[in-house]
Every structure is written in C-alpha cells, then in structure tokens.
Amino acid sequence: PGAGCVCVAAGGAAMALAAFPGGQTTDPQLRADIEALNAFDGDQLRDFIGACLGFLTSRAADELRDKLAGLGEAWGANGGALRAAARGSLVLLSAAARQRLSASQLEHDLATLGLATEGHAALVAAAWDAAAAPLSRRVLAGGIMAKRP
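Calculation criteria
Residues numbered from 1 in each chain as written. Predicted model: local features only at pLDDT ≥ 70, side-chain atom pairs only at ≥ 80, totals over all residues. Heavy atoms only, no water. Helix = DSSP H or I, 4+ residues; strand = E, 2+ residues; numbered from the N terminus. Buried < 20%, exposed > 50% of the residue type's maximum accessible area, 1.4 Å probe, protein only. Contact = heavy atoms within 4.5 Å. Areas by Shrake-Rupley, 256 points an atom, 1.4 Å probe, with all protein chains shown as cover. Phe/Tyr/Trp six-rings, centres within 6.5 Å; stacked < 30°, edge-to-face > 60°.

Focus: the overall build of the chain
Counting secondary structure elements, the chain contains seven helices and two strands. Helices and strands appear in the chain in the N-to-C order β-β-α-α-α-α-α-α-α. Within the chain, the fraction of its 149 residues that count as buried is 40%. Counting only contacts in the chain whose residues sit at least 6 apart along the sequence, the fraction spanning at least 24 positions is 67%. Of the roughly 7300 Å² of accessible surface on the chain, 52% is carried by carbon and sulfur atoms.

Here it is, written out as structure tokens:
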C-alpha cells in the first residue's frame with residue numbers, strides 16, 4: 001500500500017484501511033467503527049481515545065472494560081456501541097503502531113475512513129503523538145495486538 005496508510009491482517013488476508021489507487025478497498029466494519037466516533041464530542045473522543053491508547057500501552061483489558069463501562073454510563077451511551085468503536089479504534093491504532101505511522105499519517109487515514117467531524121482526526125492524531133514514546137516501547141518489547149475489549 002501507499003506510504004502512510006495502515007494495513008491489518010483480517011481473516012488471514014491483508015486488508016487496506018484506507019483508499020488506495022489500484023482498487024484496494026476498506027474493511028466496511030472498520031469504517032463503520034471509525035465513523036461511529038463522529039457522534040462523540042471533543043471531550044468524549046479525547047477520553048475514549050485515551051482509554052484505547054492506555055490499553056495499547058498497558059494491556060490491562062479489565063481496565064479498558066471498566067473505562068468503557070464508566071464512559072457509557074456517564075454519557076448514557078450503549079455499551080455495545082462503545083465496545084464496537086473500541087474494537088475498530090484498537091485495530092487501527094495497533095496497526096498504526098506496528099507500522100510506526102506519524103500523527104499526520106494517522107490523521108489522514110482517519111479522515112479517509114470517515115472520521116469527518118471537524119477537529120476529530122486532529123484530536124486523535126495529537127493524542128497519538130503524545131503516546132508515541134510508550135507505544136514505541138510497547139512495540140519493541142513484544143509487539144501490539146488488538147484484542148476485543
């Protein structure tokens with residue numbers, strides 16, 4: 001794929017997460033999970049992405065489940081929808097970490113995947129940039145794999 005675009009393995013086949021020339025397509029479920037982030041306001045997105053990035057560095061699944069449950073309760077949001085959005089976010093963020101994407105590359109991929117609310121892709125990219133050092137250490141220490149929260 002093109003420079004700066006994330007690919008993940010799904011079901012044994014590499015799937016492009018952003019649109020590329022040459023006909024490669026996006027996983028529709030991942031696109032739906034990322035598009036769901038448009039419903040969040042800026043503070044909600046910051047808290048949500050913070051929980052996802054925290055999981056990728058700590059691997060504390062119970063902590064992520066508790067944070068998602070707390071966020072859902074505080075926001076009056078459906079827990080299943082939050083878990084689905086977390087799954088898509090974790091898939092994307094873990095693949096981006098493995099490929100060592102920059103914040104600007106991730107921001108572009110998020111926009112391509114449908115994160116269209118003004119400022120949302122930049123907010124995620126800024127959180128990504130702030131978490132770059134711990135994520136790099138985690139990748140070097142044994143890799144990152146997204147698991148279902």
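Remarks on the side chain of His120
Assignment of secondary structure puts His120 in helix 6 (residues 120-130). On the basis of relative accessible area, His120 is assigned to the buried category, the value being 4%. In this structure, His120 is in contact with Leu37, Asn38, Phe40, Asp41, Gly42, Leu45 and Leu115, ignoring residues within four places of it in sequence.

As for the packing of aromatic side chains
Inspection of every chain in the model, using the stated rule, returns two aromatic pairs. Judged by centre distance (5.3 Å) and plane angle (55°), the ring pair of Phe40 and Trp75 falls under tilted. Linking Phe40 in the loop between helix 1 (28-35) and helix 2 (42-58) with Trp75 in helix 3 (residues 61-75), this pair joins segments that are 35 residues apart in sequence. A relative accessible area of 11% means that Phe40 is categorised as buried. Among the aromatic residues, those joined into a ring-pair cluster are Phe40, Phe48 and Trp75.

By themselves, these figures tell us nothing about what the structure is for.
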